[in-house]
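# Coordinate inspection notes
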Amino acid sequence: MLIFPWPLGKLPGFGVLEEFHSRFFEPLITWFGNDLLGIESKISNSVIISGDKLYDYLLLLFFIILALLGSFIWSFIEKRNRPYEKLNYIFEIILRYFLAYQMIYYGIFKIIPVQFFEPYFSTLLQSYGKASPMGIFWTMMAVSKGYALFAGLAEFIGGVFLFFRKTKLLGSLISIGVLINVVAVNFFYDIPVKLFSIELLIIAILLIVPYLSRLSKVILSNRAVEKIILPSYYDKGKWKTIRPFLKWGFVAIFCYTTLSTALKAYSFHREKEKTIPLYGLYEISTLITNNDSITTQVKYADTWRYLIIEHDNSAQILQTDMSKRAYEFEVDSIAKKFNMKNFRDSEDVYTFNYQKTDTTLTFSGIVKNDTLFYETKRIEKEDFLLMNRGFHWINEYPYNR
């Protein structure tokens, strides 16, 4: 149930199955948590991307209870001691393909730098002390493109090996190594995908369980083992023709949808500078109030220091004490005007006329009977040491500023 409706939910036109799955279980889990377990907290399956909500823990507990109950009933009803070899074969394929899908998916989103895209301007200006552990890790992965590529390739290669029966053990072992690191990072950097990463690690371990005896002989005892004879099912008659089409059809659809999604996301990030009006980070060098010039070196808490424009219809102001304000942001590129409205204070509103060059942005307007004129210079991401330090073969001393 944790896997369902995969893989159908990932096929074009079947996305409604995932929505149905969520809607079906949400009232059931709410009842299970609030009424049956007596939990008073609100249980919500919100669309916020987090795998560690209270709802997720309750859903997992519910499925565990359901699985134990189902196993007990089946054991009571089914008196014969049957090996269930074919059923186990199908179960392994489902686990193997699901793990392969997830490993390749996350691998592609690292190889094509989407999961860890380059840091935002607001992140580059943020102090370490005000960053979260997850934020620091995300920034580290985004800055170190080589390491992100290495991690993505490890996930991708492990996933590819899982698609083939002869290399599934190797794929499982690679995936275990990768996922142990992922689980550790999620726990020790407080990244909210702990449950899901543990589930993937358990699946990878389950896939090597049949080989543990052989692995212990080779690794621990340095003894030879006999060749494994892989079970052969669904390789006769019509299944011999259908099975390759089912397998490679799934792989082709999955690779196409994943690659197209990653490439669209990458293109969106790369095109931000072209699609978002006035995109950039601007450091305010001069403020003229009623013809009285003030430089930003004067540490007035309410004096603007940075204007950040990097998201659609929003902007951020960092003041000289580095406190932050977020604004709705609308640009009229024809009239050369932009409007700003504080998200939390409806009276904090500005309308400015602006002039822009490749390296500067100046804007002016009348605010509460005061005439304001701001002169700024544009700062590029490459101007930050974190972005321009790069790689060096020779280091005479550790450059650990």
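Residues numbered from 1 in each chain as written. Predicted model: local features only at pLDDT ≥ 70, side-chain atom pairs only at ≥ 80, totals over all residues. Heavy atoms only, no water.

## Things to note about the overall build of the protein chain
The following threshold applies: Secondary structure is summarised from DSSP: a helix means a run of H or I of at least four residues, a strand means a run of E of at least two, and numbering begins at the N terminus for each. Each radius of gyration is computed over the set of C-alpha atoms, and the globule rule expresses the reference value as 2.2 Å times the number of residues to the power 0.38. A simple rule labels every residue: compare its accessible area, found with a 1.4 Å probe on the protein chains alone, to the largest value its type can have, and call it buried under 20%, exposed over 50%, or partly exposed in between. In what follows, residue pairs with any heavy atoms lying within 4.5 Å of each other are defined as contacts. To be clear on the numbers: accessible area is Shrake-Rupley with a 1.4 Å probe, and residue cover counts the displayed protein chains and nothing else. The charge count includes Lys and Arg as positive and Asp and Glu as negative, but it does not include His or the ends of the chains. Taken as the charge centre is NZ of Lys, CZ of Arg, CG of Asp or CD of Glu, depending on the residue.
For the protein chain, the helix and strand inventory stands at 12 helices and nine strands. Taking 401 residues into account, the globule formula puts the C-alpha radius of gyration at 21 Å, and the protein chain, at 28 Å, lies well above it. If you line up the protein chain on its principal axes, its C-alpha atoms span 95 × 60 × 40 Å. When the 401 residues of the protein chain are sorted by exposure, 34% land in the buried category. The contacts of the protein chain with a sequence gap of at least 6 include a subset with a gap of at least 24, amounting to 53%. In the structure as shown, the protein chain presents an accessible area of about 25,400 Å², 62% of it carried by carbon and sulfur atoms. Charged side chains in the protein chain number 44 positive and 37 negative. The centres of these two groups are separated by 13 Å.

## Focus: the confidence of the model for the protein chain
Stated precisely, the cut-off is as follows: pLDDT is a per-residue confidence score from the predictor, ranging from 0 to 100.
Put simply, the protein chain has an average pLDDT of 87, and 93% of its residues get 70 or more. Looking over the protein chain, one finds the lowest element-wise mean pLDDT in strand β2 (residues 292–295), namely 61, and the highest in helix α7 (residues 168–188), namely 96. In this model, residues 296–301 is a region of pLDDT below 50 whose contacts with residues beyond four sequence positions or in other chains number 13 contacts.

## Details of the packing of helix α6 (residues 145–162) against α7
Heads up, the rule is: Axis lines are fitted through C-alpha atoms, for helices just across the contact stretch, and the angle between N-to-C directions can take any value from 0 to 180 degrees. Here a crossing is taken to be left-handed if its near helix is turned anticlockwise relative to the far helix by less than a right angle, and right-handed if that turn runs clockwise. Note that Gly is not counted as nonpolar here; it falls among the polar residues with everything else outside the nonpolar set of Ala, Val, Leu, Ile, Met, Phe, Trp, Tyr, Cys and Pro and the charged set of Asp, Glu, Lys and Arg.
Running from N to C, α6 and α7 point in directions that differ by 145°, and their axes come no closer than 7 Å. Note on packing geometry: the crossing formed by α6 with α7 is left-handed. Packed against α6, whose contacting residues are Tyr147, Ala154, Glu155, Ile157, Gly158, Phe161 and Leu162, the element α7 presents Lys168, Leu170, Gly171, Ser172, Ile174, Ser175, Val178, Asn181 and Val182 at the interface. Here the residues of the contact of α6 with α7 sort into nine nonpolar, five polar and two charged.

## Details of helix α8 (residues 194–208)
Operational definition: Each residue after the first adds 1.5 Å to the expected span of a helix.
With 15 residues, α8 ought to run about 21 Å at 1.5 Å a step, and its terminal C-alpha atoms sit 22 Å apart, in line with that. When we look at burial in α8, the residues that qualify are Lys194, Leu195, Ser197, Glu199, Leu200, Leu201, Ile203, Ala204, Leu207 and Ile208. Against the buried residues of α8 lie α2 (54–77), α3 (85–111), α6, α7 and α9 (212–219).

## Examining the packing of aromatic side chains
Here the distance between the centres and the angle between the planes together describe a pair of aromatic rings. Operational definition: Two rings belonging to Phe, Tyr or Trp (six-membered ring only in the last case) form a pair when the distance between their centres is within 6.5 Å. Interplanar angles under 30 degrees mark stacking, angles over 60 mark edge-to-face geometry, and anything in between is tilted. Think of it as a cone above the ring: NZ of Lys or CZ of Arg counts as a charge over the ring if it is within 6 Å of the ring centre and within 35 degrees of the ring normal.
Taken as a whole, this structure holds 33 aromatic pairs when the rule is applied. With 5.9 Å between their ring centres and 50° between their planes, Phe121 and Tyr279 make a pair best called tilted. Of this pair, Phe121 sits in helix α4 (residues 121–125) while Tyr279 is found in the loop between α11 (272–275) and β1 (280–289), placing the two residues 158 residues apart along the sequence. Take Phe121: its relative accessible area is 2%, and that puts it in the buried class. Seen in terms of ring centroids, Phe250 and Phe254 are 6.3 Å apart; in terms of plane orientation they differ by 15°. Their pairing is stacked. Residue Phe250 and its partner Phe254 are both found in helix α10 (residues 238–270); the two are separated by four residues, about one turn of the helix. Members of the aromatic cluster, joined through ring pairs, are Trp304, Tyr327, Phe329, Phe338, Tyr350, Phe352, Tyr354, Phe363 and Tyr374. One Lys or Arg, Lys381, reaches over the ring of Phe121 and ends 5.1 Å from the middle of that ring. Its guanidinium or amino end placed over the ring of Tyr399, Arg389 lies 4.0 Å from that ring's centre, counting from NZ or CZ.

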